[in-house]
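# Geometric and topological summary
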Amino acid sequence: MFSASYKLTEIQRRIDEVQRFLSITLSIANAHTVEFYTHDAWNRFMAVPPQEVLSTLGSHNDQQREPEHKANGSEQTTTTFGFCNDTHRLVDTRELLRAAKAHSLPGLGVCLSRDELLRGLRGDGSESAAPVAATDAELVTDEFMNSKKSHEVKSMSEVVASLAQRCGVKQVIDVGSGKGYLSSFLSLQYCLRVYGIDSSSTNTHGAQERNRKLKKFSRAYQKCNKAARAQEEAALPPQKGLVDAKPGQDGDGDVVCGDGEAGNVSRGDQSEAPMGSSDVEPAAGSRPESTAESEELFLGALSPDVMRPSPRRASPGRLSDEERQRRKRENLERKAQNRAAAGGGGVTFSPLTSYVTAETELRELIDELEDAVVVGLHTCGDLAPSTLRMFVAKPELAAVCSVGCCYHLLTEEFDPEGACGPCGFPLSRYLRDRSWFCGRNARMSACLIQMESLFYRAVLHVILRDRYDCFRSEKRVGNVYSKSKSFVDYVRRALRRLELDESKLSDGDIQGYHDTYRPRMGEMHAFNTLKVTLAPCIEGLILLDRLCYLKEQADLSFTALVQLFDPLLSPRCYAVVGLKTISP
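All values reported here derive from a predicted model rather than from experimental measurement. (Residues numbered from 1 in each chain as written. Predicted model: local features only at pLDDT ≥ 70, side-chain atom pairs only at ≥ 80, totals over all residues. Heavy atoms only, no water.)

### Some remarks on the sheet that holds strand β3 (residues 111–113)
Let me state the cut-off plainly: A pair of strands counts as paired when DSSP detects no fewer than two bridges linking them. Each helix is a run of DSSP H or I of at least 4 residues and each strand a run of E of at least 2, with the numbering of both proceeding from the N terminus. Every axis in this analysis is a line fitted to C-alpha atoms, fitted for helices over the stretch in contact. Angles between the N-to-C directions lie between 0 and 180 degrees. Every residue pair with non-hydrogen atoms within 4.5 Å of one another is taken to be in contact.
One open sheet holds the eight strands; their spatial order is β3-β13-β14-β12-β11-β5-β6-β10, and the pairing between them is mixed. Only two strands of the sheet have a single neighbouring strand rather than two, namely β3 and β10 (349–353). Within the sheet, the average angular offset between the axes of one strand and its neighbour, ignoring direction, is 25°. Looking at chain direction, strand β6 (residues 193–198) and β10 are connected through five bridges and run parallel. Across the sheet, the residue bridging to G196 is P351, located in β10. Along the sheet, helix α8 (residues 181–190) makes contact with β5 (171–175), β6, β10 and β11 (372–380), crossing β6 at roughly 170°. Packing of helix α13 (residues 383–393) onto the sheet brings it into contact with β5, β11, β12 (397–405) and β14 (574–579), and relative to β12 it is tilted by some 170°.

Structure representation (structure tokens):
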């Protein structure tokens, strides 16, 4: 079925490759920006000037040019991934960049594309095996989601619907459902029974209201769509050989939409099942939400363009026998889905408030629980590995599709500072046997924030060391930078936040620190850019660990890493997918 699926031993070999690379480079990723000057990070790890690092990073197309800087002495010896084997300092930036690219997920070549996954789930790869949409009009997600969320929901929903169809299930459990965008789309577009579980009651109530509004508009535009179709058909000249379709034949008849609204639609009026197309996080690990203003616009008055009618289909008399049979099967599936929805009172999305872990008894939360697909779209921190543990432990969960984020919020089992309870990393026995530890700073590497704020914070740390004998404060400085008018203002606000005596320093003293370290700001910029370059490799190890965990389970028939999203639109673009049983 999936010729591109990798065996456990192959995934373990890729993990070994990434581990070896990170064993050399992880010290850079774990260097704390706050301590950049106090620990003299540049001279500890780098034997090249910052200008060379920045110019090399900016000249990816000029691969043959030699580095401008030539290390001398012992640092001209053998290197590993660009680091001198004797001094362990970086001497060849270009070699490091090549190695980082090779040890990221695209370079390792272990991921399926979204299209490859869909073809595998459908067996013969034909569109006739695609999940049948529940409505005659396509929900235009761009009207009530931002472009990033719209892309994610459309791309993931078709995969989830295909998983449900392949496993022969009608229920979906959306873990960490948030505002319910994915849940609502799955229920309305594919008529799946979705239970959205979120720990925030605010999110749950908002999702419920949002879904109610969307269903109301869905019914209204379905009626408008059918009326417009009827007028178009009435205006057409009669076709020779046209055979009237009768209710009950070929699966046609009343079509229930959304909340159980019915209408008598002929086979010639049925629209094609809409197919989700394969479609920037502002900061890694964040889940951008729509603003209050856009929420109010969505809940208050949806545009008529929210429902876009699909193109009118050809009359039955013009169809080939093969196409006629395909549409018959499609209509039968749609009718069965809609009957199921109508039997449940038309309610296909149920938001629930609960904090869930792998030990959560789902039947205590969901009385009507049947076999289901469990999903998570950008579940934060430990929730993503908990979803995978839940999938493995619960026999009623037939498949999983999990996209994680917020790696800096993961707990690590082998953290030297200690960790309590089940941790999010490592998940696999393979990495746990090696007691592998990444470190929070390394997992934070992909978080991009303003360079000047990092510079301010690092120089403040020098002031705290020199004037207050403070190397680690019990209190956090917090978001002081955004409120500050200058470096002097920043330091004074920070000292007040830390409850330190600011009278020890004059404005001239504070400005003097700024002027001393300002010429070295390029070092910090180059260093942090290298950390960001290493971030995909760290993410790759975390995701390979999750895939390895699933492959270690004896009762799973298929597991894979899948690139679901366009990384330019959604940087956290990889899903961990698994199936326990696959219908023939």
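That covers the picture; the talk isn't over yet.
### What about the nonpolar core?
Taken as a class, soluble globular proteins show a tendency for nonpolar side chains to be buried jointly. Going by this rule: As used here, the term nonpolar core means buried Ala, Val, Leu, Ile, Met, Phe, Trp, Tyr and Cys residues forming a set that is joined through side-chain atoms within 4.5 Å. We call a residue buried when its accessible area falls under 20% of the maximum for its residue type, exposed when it is over 50%, and partly exposed in between, using a 1.4 Å probe and counting protein chains only.
In this structure, M46, M156 and I173 are the most contacted members of the largest nonpolar core, which totals 136 residues. Once residues within four sequence positions are removed from consideration, M46 is found in contact with I28, V53, R89, L90, F527 and L530.

### Quick notes on the packing of helix α3 (residues 50–57) against helix α4 (residues 93–102)
Formally: Note on angle classes: values under 35 degrees are labelled roughly parallel, values over 145 roughly antiparallel, values of 65 to 115 roughly perpendicular, and the remainder oblique. Left-handed is the label given to a crossing in which the near helix is rotated counterclockwise from the far helix by less than a right angle, and right-handed is the label when the rotation is clockwise. Asp, Glu, Lys and Arg are counted as charged, while Ala, Val, Leu, Ile, Met, Phe, Trp, Tyr, Cys and Pro are counted as nonpolar; the rest, among them Gly, fall into the polar class.
The contact between α3 and α4 brings their axes to 9 Å, and the two run at 40°. Here α4 runs oblique to α3, going by the angle between their axes. Of the two elements, α3 crosses α4, and the hand of that crossing is right-handed. Within the contact between the two elements, α3 uses E52, V53, T56 and L57 and α4 uses T93, R94 and L97. Residues of the contact of α3 with α4, tallied by class, amount to three nonpolar, two polar and two charged.

### A short note on the confidence of the model for the chain
Applied cut-off: Values of pLDDT, which run from 0 to 100, indicate the predictor's confidence residue by residue.
When the pLDDT values of the chain are averaged, the result is 78; 66% of them are 70 or greater. Under a pLDDT of 50 for its full length, residues 239–313 has, in the predicted model, 190 contacts with residues more than four places off or in other chains.

### Here's the deal with helix α19 (residues 521–551)
Quick reminder of the rule: Between the first and last residue of a helix there are one fewer steps than residues, each counted as 1.5 Å, and that sum is the expected span. Across the chain, bend at a residue is computed as the angle between axes fitted to the seven residues ending at that point and the seven starting from it.
With 31 residues, α19 extends 46 Å between its outermost C-alpha atoms, agreeing within 8% with the 45 Å of an ideal straight helix rising 1.5 Å per residue. Its axis deflected by about 30° at L534, α19 carries its strongest bend there, up to four residues before the proline P536. Along α19, 25 of the 31 residues are buried, which leaves the element largely enclosed by surrounding structure.

### Thoughts on the packing of aromatic side chains
Let me state the cut-off plainly: Stacked, tilted and edge-to-face pairs are distinguished by plane angle, under 30 degrees for stacked and over 60 for edge-to-face with tilted covering the rest, among Phe, Tyr and Trp rings (Trp via its six-membered ring) whose centres lie within 6.5 Å. Charge-over-ring placement is defined geometrically: NZ (Lys) or CZ (Arg) within 6 Å of the ring centre, and within 35 degrees of the ring normal.
Applying the stated criterion across every chain, the model contains 11 aromatic pairs. Considering the side-chain rings of F21 and F81, the 5.1 Å spacing of their centres and the 75° angle between planes classify their relative orientation as edge-to-face. Taken together, the residues F21 in helix α1 (residues 8–29) and F81 in the loop between β1 (79–80) and β2 (83–84) connect sequence positions 60 residues apart. Residue classification places F21 among the buried positions, given a relative accessible area of 0%. Consider the rings of Y37 and Y517, whose centres lie 4.8 Å apart with planes at 50°: the pair is tilted. Each of the two residues, Y37 as well as Y517, counts as buried. By way of ring pairs, the aromatic residues F36, Y37, F45, F455, Y456, Y481, F487, Y490, Y517 and F527 are connected into one cluster. Its end group placed over the ring of Y430, R434 keeps NZ or CZ at 3.7 Å from the ring centre. The cationic tip of K580 hangs over the ring face of F391; the distance from NZ or CZ to the ring centre is 4.9 Å.

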